[in-house]
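Report on the structure
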Amino acid sequence: MEKILTLGIETSCDETAAAVLRDDREILSNIISTQIPIHQKFGGVVPEIASRKHIVNIMPVIDEAISKAGVELSEINQVAVTYGPGLVGALLVGVSAAKTLAFALKIPLIAVNHLEGHIFANFLSSPELKPPFLALVVSGGHSALIFQKNYNDFELLGQTRDDAAGEAFDKIARVMNLPYPGGPEIDKLAKVGNADAINFPRAKVSDFDFSFSGLKSAVLNFLNSAKMKGEKFNPADIAASFQKAVIDSLVDKTVAAAEKFDLKKIVLAGGVAANSSLESTLRKICSEKNLEFFYPSKILCTDNAAMIACRGYYQSLEKKFAPPTLNAAPNLGF
Ligand code: KG4
Ligand code: ZN
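Attention here is on the structure that accompanies the text. As the structure is a computational prediction, the values presented were derived from the model and not from experiment. (Residues numbered from 1 in each chain as written. Chains lettered and ligands numbered in written order. Predicted model: local features only at pLDDT ≥ 70, side-chain atom pairs only at ≥ 80, totals over all residues. Heavy atoms only, no water.)

**Focus: the overall build of the protein chain**
Of regular secondary structure, the protein chain possesses eleven helices and ten strands. Radius of gyration (C-alpha) of the protein chain: 20 Å, near the 20 Å computed for a compact globule of 334 residues. Based on the C-alpha atoms only, the size of the protein chain along its principal axes is roughly 65 × 45 × 30 Å. In the protein chain, the proportion of contacts linking residues at least 24 apart, taken out of those at least 6 apart, comes to 73%. Split by element, the accessible area of the protein chain, about 14600 Å² in all, is 54% carbon and sulfur. Within the protein chain, the 36 negative side-chain charges are centred at a point lying 3 Å from the centre of the 34 positive side-chain charges. (Helix = DSSP H or I, 4+ residues; strand = E, 2+ residues; numbered from the N terminus. Rg over C-alpha atoms; globule rule 2.2 N^0.38 Å. Contact = heavy atoms within 4.5 Å. Areas by Shrake-Rupley, 256 points an atom, 1.4 Å probe, with all protein chains shown as cover. Lys, Arg positive; Asp, Glu negative; His and termini not counted. Charge placed at Lys NZ, Arg CZ, Asp CG, Glu CD.)

Right under this line is the structure:
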């Protein structure tokens, strides 16, 4: 049978990425051009700069993905692109490139939800993985628990009512004068800190929702009051105690949801999935509770286009194609 080549394109935030996927799970190329060093001096992503960098990088990145895959552009069967959620100007660059390619090559266009893409990164890292499973999606903009019933059928069980987990990591890092993005910095610092040094609050929210804004305020208050009183504190202890509070909430809800819906497989997804302590804590609990644990490789945790191509491939199996009028959807949810 002829193999399907899907070109994936991702430009939702500060990574310009393109990938070529053969059939469902074989990555032929996965090119990521990150803008992190550019945004670092501003302490966060500057949307206009991000769009301008995407427009400069997009064609060279696609070109590289095609040549690294060892294929010709004319052999690509379909184009899958992130159309939301994300920064509107950034998304529009990828969407326009994908629409142009689909039009010129006369091939189908597939509109992919970035958050679903994060879950599908796990199919690439663990080719044996099949639904049903419970996915914990934790990224810069979202924290959610998803019941993935089949490849194209999922249910949102709960999500954050305020800040996303990654957002909380980035904000705390910022007030601690750590570079952007803050997640990996807190992760590193926490390794040499005492996670039981400060008992930061864990929000009590119903069902499978999360809340991190109270925790964020508690850490900010702690830092301010220590500064005002001239008290010394160990930044590593704050990082470790804050991180533990986030992880406790994420892990407790995940285990409770798995029990309620009788799901035996837990899948971790999104940029915060790169957090070493979140991964090890979930892995340990899963092994204690006889749950199978899946986790993407580091390169597939953060934004990439291979996961977008993979999600797009499964949409194409149900002929879920996008019209040539496709627009960006910056506030797209699950
Ligand atoms: O999925 P992602 O690359 O972009 C979005 O779709 O939002 O996630 C980026 C988020 C940022 O908030 C970043 O600080 C966080 O993931 N992150 C981490 C780690 N690596 C990235 N958070 C905690 N620990 C990490 N090791
Ligand atoms: Zn992402």
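**Concerning helix 3 (residues 88–105)**
In this model, helix 3 (18 residues) spans 25 Å end to end at C-alpha, consistent with the 26 Å of a helix rising 1.5 Å per residue. Residues of helix 3 that are buried sit in contact with strand 1 (5–10), helix 2 (47–69), strand 4 (78–84) and strand 5 (109–113). (Expected span 1.5 Å × (residues − 1).)

**Considering the packing of helix 2 against helix 3**
Viewed as axis vectors pointing N to C, helix 2 and helix 3 meet at an angle of 30°, and their least axial separation amounts to 8 Å. The orientation of helix 2 relative to helix 3 falls into the category roughly parallel. The interaxial crossing formed by helix 2 with helix 3 has right-handed handedness. Within the contact between the two elements, helix 2 uses S51, H54, I55, I58 and I62 and helix 3 uses G89, A90, V93, A97 and L101. Within the contact of helix 2 with helix 3, the residues separate by chemical class into seven nonpolar, three polar and no charged. (Axes fitted to C-alpha atoms, helices over the stretch in contact; angles between N-to-C directions. Parallel < 35°, antiparallel > 145°, perpendicular 65-115°, else oblique. Left-handed = near helix turned anticlockwise from the far one by under 90°. Nonpolar A, V, L, I, M, F, W, Y, C, P; charged D, E, K, R; others polar.)

**Some words on the nonpolar core**
With 48 residues, the main nonpolar core has F200, F242, L250, L268 and L278 as its most contacted residues. Those elements that place two or more of their residues in this core are strand 6 (133–138), strand 7 (143–150), helix 5 (165–175), helix 6 (182–190), helix 7 (213–229), helix 8 (235–260), strand 9 (265–269) and helix 9 (276–288). When residues in this core are grouped by element, the largest group, twelve residues, is from helix 8. Ignoring sequence-local partners within four residues, the contact set of F242 consists of A168, F169, I172, I186, F200, L215 and V219. (Core = buried A, V, L, I, M, F, W, Y, C linked by side-chain atoms within 4.5 Å. Buried < 20%, exposed > 50% of the residue type's maximum accessible area, 1.4 Å probe, protein only.)

**A closer look at the sheet that holds strand 6**
Spatially, five strands are ordered 8-7-6-9-10 in an open sheet, and the strand pairing comes out mixed. Of all strands in the sheet, those with a lone pairing partner are strand 8 (153–159) and strand 10 (292–294), marking the two edges. Strand-to-strand, the axes of this sheet are offset by a mean angle of 25°, without reference to chain direction. Across the sheet, helix 8 lies against strand 6, strand 7, strand 8 and strand 9, angled at about 160° from strand 6, the strand it touches most. (Pairing = 2+ DSSP bridges.)

**Focus on the site of ligand 1**
Lining the immediate environment of ligand 1, one finds 18 residues, of which H118, G140, D170, D187 and G271 sit closest. In the environment of ligand 1, an oxygen atom lies 2.9 Å from a nitrogen or oxygen atom belonging to the side chain of H118. N275 places a polar side-chain atom, nitrogen or oxygen, 3.0 Å from a nitrogen atom of ligand 1. In isolation ligand 1 has 560 Å² of accessible area, and contact with the protein removes 89% of it. Breaking the shell around ligand 1 down by element, the ones donating at least two residues are helix 4 (114–125), helix 5 and helix 6. Residue composition of the shell around ligand 1, grouped by class: five nonpolar, ten polar and three charged. (Near = heavy atom within 4 Å. Polar contact = N/O pair within 3.5 Å; in protein donor to acceptor, adjacent residues only side chain to side chain.)

**Describing the coordination of the zinc ion (ligand 2)**
On the protein side, the zinc ion (ligand 2) has H114 (NE2), H118 (NE2) and D303 (OD) as donor atoms, found 2.0 to 2.1 Å from it. Going along the chain, you hit the donors of the zinc ion (ligand 2) in the pattern H-x3-H-x184-D. Within this pair, H114 and its partner H118 are both found in helix 4, separated by four residues, close to a single helical turn. Comparing H114 with H118, the two get one shared label, buried. (Donors = N, O, S within 2.8 Å, 3.2 Å for Na, K, Ca; no water.)

**A look at the pairing of strand 2 (residues 15–22)**
Most of strand 2 is tucked away: seven of the eight residues are buried. The pairing of strand 1 with strand 2 spans six bridges and is antiparallel. Across the sheet, E10 pairs through a bridge with A17, a residue of strand 2. With antiparallel pairing between neighbouring strands as the criterion, strand 1 and strand 2 make up a hairpin whose turn holds four residues. Summarising the sheet, strand 2 and strand 3 (residues 26–34) pair through eight bridges and their orientation is antiparallel. Note that in strand 3 the partner of L21 across the bridge is I27.

**Quick look at the pattern of salt bridges**
When the charged atoms of two side chains lie near each other, side chains of opposite charge can form a pair. As enumerated under the stated definition, the model contains 21 salt bridges in all. Of the charged contacts, one joins E259 and K289 as a salt bridge, the two residues approaching to 3.6 Å between their closest N and O atoms. Of this pair, E259 sits in helix 8 while K289 sits in the loop between helix 9 and strand 10, and the two are 30 residues apart along the sequence. Here the salt bridges do not stand alone but share partners, grouping D163, E167, K171 and K216 into one network. (Salt bridge = Lys/Arg side-chain N within 4 Å of Asp/Glu carboxyl O.)

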